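Chains, contacts and geometry: an overview
Below are the chains, spelled out letter by letter.
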Amino acid sequence: YLHHTKAKQPKTFKQELALLRKAGLNGCPGGQFNYSNSNYAILGQLIEQITGEDWRTAMTRRVIMPHRFTELGVIADKVSGDLVLANPAQGKALNSAAPGAAGPIAASAKDMARFWRHLISGEVVSRSALNTMFAQLYPFPDGDNHYGLGVQLFDLDPPGGDSYYLGHLGGM
């Protein structure tokens with residue numbers, strides 16, 4: 001798996017593909033879990049090729065605006081207003097463009113909960129796509145959560161408990 005969120009500049013589609021080719025396959029598709037930021041970055045670039053618009057614009061137009069999210073958004077290349085991205089560990093600002101579609105989304109807890117409600121109800125993606133996202137949940141190395149296609153299921157209790165939450169972690 002490739003993590004390039006520490007990159008200083010966004011990678012091009014060709015650079016992402018080169019990284020994936022160099023890394024090679026870890027196994028048969030669907031046979032095991034390995035997270036890859038590069039796959040999300042490539043997904044963003046595919047969205048741009050298919051829609052003809054920047055993936056940030058497509059996300060805003062197709063997801064954020066129709067659901068009237070007011071506290072959920074794609075962080076722009078140039079941060080303005082009162083939104084500041086800082087990396088406290090390194091004491092410097094982060095380049096929100098560097099991870100491509102693998103990272104720069106910010107939301108309040110209220111809009112994040114609303115997003116998940118819309119997603120689970122089939123309003124963001126089709127029921128068929130939603131079923132595919134959850135069809136195979138692979139155990140995470142820590143054993144307390146599982147990963148599907150873009151979704152994580154976190155076990156809040158000891159194994160076998162009945163308290164879970166859905167989400168997707170992110171380091172940016």
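Above this note sits the structure.
We now turn to the structure provided with this report. (Residues numbered from 1 in each chain as written. Predicted model: local features only at pLDDT ≥ 70, side-chain atom pairs only at ≥ 80, totals over all residues. Heavy atoms only, no water.)

Some details on the overall build of the protein chain
Looking only at helices and strands, the protein chain has five helices and eight strands in total. Listed by position from the N terminus, the elements making up the protein chain come as α-α-α-β-β-β-β-α-α-β-β-β-β. Counting the 172 residues in the protein chain, one finds 29% classified as buried. Of all intrachain contacts in the protein chain linking residues separated by at least 6 positions in sequence, the fraction that spans at least 24 positions is 47%. Accessible surface, the protein chain: about 11000 Å² in total, of which carbon and sulfur atoms supply 57%. (Helix = DSSP H or I, 4+ residues; strand = E, 2+ residues; numbered from the N terminus. Buried < 20%, exposed > 50% of the residue type's maximum accessible area, 1.4 Å probe, protein only. Contact = heavy atoms within 4.5 Å. Areas by Shrake-Rupley, 256 points an atom, 1.4 Å probe, with all protein chains shown as cover.)

Overview of the side chain of histidine 67
Tracing the chain through its elements places histidine 67 in the loop between helix H3 (55-64) and strand S1 (72-74). Here histidine 67 falls in the buried class, since its relative accessible area comes to 10%. Leave out the neighbours within four places in its chain, and histidine 67 touches Arg114, His118, Glu123 and Val124.

Considering the sheet that holds strand S8 (residues 164-167)
In space, the four strands of this open sheet follow the order S5-S6-S7-S8, with antiparallel pairing throughout. Single-partner strands in this sheet number two, and they are strand S5 (138-139) and S8. Two strands pair when backbone bridges link them, and strand S6 (residues 145-147) and strand S7 (residues 152-155) are joined in this way by three bridges, in the antiparallel orientation. Across the sheet, the residue bridging to asparagine 145 is phenylalanine 154, located in S7. (Pairing = 2+ DSSP bridges.)

Some points on the pattern of salt bridges
If you walk through the whole model with that rule in mind, you get three salt bridges. Measuring nitrogen to oxygen at the nearest pair gives 2.7 Å for the salt bridge that ties glutamate 53 to arginine 61. The shortest N-O distance in the salt bridge between arginine 62 and glutamate 53 comes to 4.0 Å. On the accessibility criterion, glutamate 53 (17% relative accessible area) is buried. Bridged by salt links that share partners, the residues Glu53, Arg61 and Arg62 form one connected network. (Salt bridge = Lys/Arg side-chain N within 4 Å of Asp/Glu carboxyl O.)

Some words on the nonpolar core
Counting residues in hydrophobic clusters, the biggest one holds twelve residues: Trp55, Val63, Ile64, Phe69, Leu72, Val74, Phe115, Trp116, Leu119, Leu130, Met133 and Val151. Elements with a minimum of two residues in this core: H3, S1, helix H4 (109-120) and helix H5 (127-135). (Core = buried A, V, L, I, M, F, W, Y, C linked by side-chain atoms within 4.5 Å.)

Focus on unusual backbone geometry
In this structure, arginine 68 takes a positive phi of about 55° despite not being glycine. Position of arginine 68 among the secondary structure elements: in the loop between H3 and S1.

Remarks on the environment of glutamate 16
Relative to the helices and strands, glutamate 16 is located in helix H1 (residues 13-23). The exposure class assigned to glutamate 16 is buried, which follows from its relative accessible area of 1%. In the structure, glutamate 16 is positioned 23 residues away from asparagine 39 in sequence and 8.1 Å away in space, judged by C-alpha atoms.

Brief notes about the side chain of asparagine 145
Considering the arrangement of structural elements, one finds asparagine 145 in strand S6. Relative accessible area serves as the criterion here: at 4%, asparagine 145 is assigned to the buried category. A polar side-chain atom of asparagine 145 sits 3.2 Å from a polar atom in the side chain of glutamine 152. With sequence-adjacent residues up to four places away left out, asparagine 145 is seen in contact with Tyr138, Pro139, Phe140, Gln152, Leu153, Phe154 and Asp155. (Polar contact = N/O pair within 3.5 Å; in protein donor to acceptor, adjacent residues only side chain to side chain.)

Things to note about the packing of aromatic side chains
Aromatic rings in a pair are described by how distant their centres are and how their planes are angled relative to each other. All told, the structure shown has two aromatic pairs when counted by the stated rule. Between the aromatic rings of phenylalanine 69 and phenylalanine 115, the centroid separation amounts to 6.3 Å while the plane-to-plane angle is 50°, which identifies the pairing as tilted. In this pair, phenylalanine 69 is assigned in the loop between H3 and S1 and phenylalanine 115 in helix H4, connecting sequence segments 46 residues apart. Assigned by exposure class, phenylalanine 69 and phenylalanine 115 land together as buried. Between the aromatic rings of phenylalanine 115 and tryptophan 116, the centroid separation amounts to 5.9 Å while the plane-to-plane angle is 85°, which identifies the pairing as edge-to-face. The buried category is assigned to phenylalanine 115, whose relative accessible area is 16%. Judged by relative accessible area, which is 14%, tryptophan 116 ranks as buried. A network of ring pairs unites the aromatic residues Phe69, Phe115 and Trp116 as a single cluster. (Phe/Tyr/Trp six-rings, centres within 6.5 Å; stacked < 30°, edge-to-face > 60°.)

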